[in-house]
Amino acid sequence: IELNEGNNDFYVINIDGTFKKPANGCFDCSSVSNEEILSQNYSLVDFIEKLSLTNIPLIVVARGKIYGATIALLAIADVVLLCDDSEIICEDIKFNRYPVILHTLLSSKLNECFANYICLNSNLDAYKAMSFGLATQIIPDLEFELIADACVKNYISKNKFMLDYKKSRMEISPPYLL
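This part takes up the confidence of the model for the chain. This prediction gives the chain a mean pLDDT of 77; 71% of its residues lie at or above 70. When the elements of the chain are averaged for pLDDT, strand S1 (residues 2-4) gives the smallest value, 56, and strand S7 (residues 137-139) the largest, 94. A low-confidence stretch, residues 22-29 stays under pLDDT 50, and its non-local contacts, those more than four residues away or across chains, total four contacts.

See the structure below:
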């Protein structure tokens, strides 16, 4: 995840989930202490909360596999540009956990049924994400960087419209994180 603050008129977050998950499905966290993991979790929640409550429009550009808390960034974004091969994966339910914070954020943007669907069914492709209202635009993988960059510049050029949209969205349905 990379955050580009630019001129503070917009936040642009780039999510590159094109890495490969280990064959056993688990990332090796054996060298990381529980305190470090807990600290990172609190930092991530704090980061998401601050972004969700800001008046600055947020554009997310994402490709590849989007897991767990990273999905929350899609939920709080004003514009989401997804690569056509993107997959949204919420696996918490497989581990007998329900992603309450993610569900709350998704519910502030989507229909409650769609939020439940995402949290209970682990995989969602880019086209289904767009039909649910989680993605603004789907970009072909072949020319993803070029088209995504042009789209971001286009949204930034519509600064007044984006600021008005963000303000009205916050008035209608402010995100309640905790």
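Taken as a whole and assessed by the stated rule, the structure comprises five salt bridges. A salt bridge links Glu145 to Arg63, with the nearest nitrogen and oxygen atoms 2.5 Å apart. On the criterion of sequence distance, the pair formed by Glu145 in helix H6 (residues 144-157) and Arg63 in strand S3 (residues 58-67) is long-range, its members being 82 residues apart. The salt bridge involving Asp149 is made with Lys153; its shortest N-O contact spans 3.2 Å. Of this pair, Asp149 and Lys153 both sit in helix H6, four residues apart, which is roughly one turn of the helix. A relative accessible area of 41% means that Asp149 is categorised as partly exposed. Look at Lys153 and you get exposed, because its relative accessible area is 54%. A cluster of three or more residues bridged by salt bridges with shared partners is formed by Arg63, Asp141 and Glu145.

When you tally the buried positions in strand S4 (residues 79-83), you get five out of five residues, the bulk of the element. In S4, alternate side chains face the same way, and those of Val79, Leu81 and Cys83 on one face and Val80 and Leu82 on the other are all buried. Across four bridges, the pairing between S3 and S4 is parallel. Among the inter-strand pairings, Val61 is bridged to a residue of S4, identified as Leu81. Handedness of the S3-helix H2 (residues 70-76)-S4 crossover: right-handed. Bridging between S4 and S7 involves three bridges; their strand directions are parallel. Bridge pairing in S7 places Leu81 opposite Gln137.

Each value, and the rule that gives it
Residues numbered from 1 in each chain as written. Predicted model: local features only at pLDDT ≥ 70, side-chain atom pairs only at ≥ 80, totals over all residues. Heavy atoms only, no water. pLDDT = per-residue confidence, 0-100. Helix = DSSP H or I, 4+ residues; strand = E, 2+ residues; numbered from the N terminus. Contact = heavy atoms within 4.5 Å. Salt bridge = Lys/Arg side-chain N within 4 Å of Asp/Glu carboxyl O. Buried < 20%, exposed > 50% of the residue type's maximum accessible area, 1.4 Å probe, protein only. Pairing = 2+ DSSP bridges. Right-handed = clockwise from strand over helix to strand, strands pointing away.

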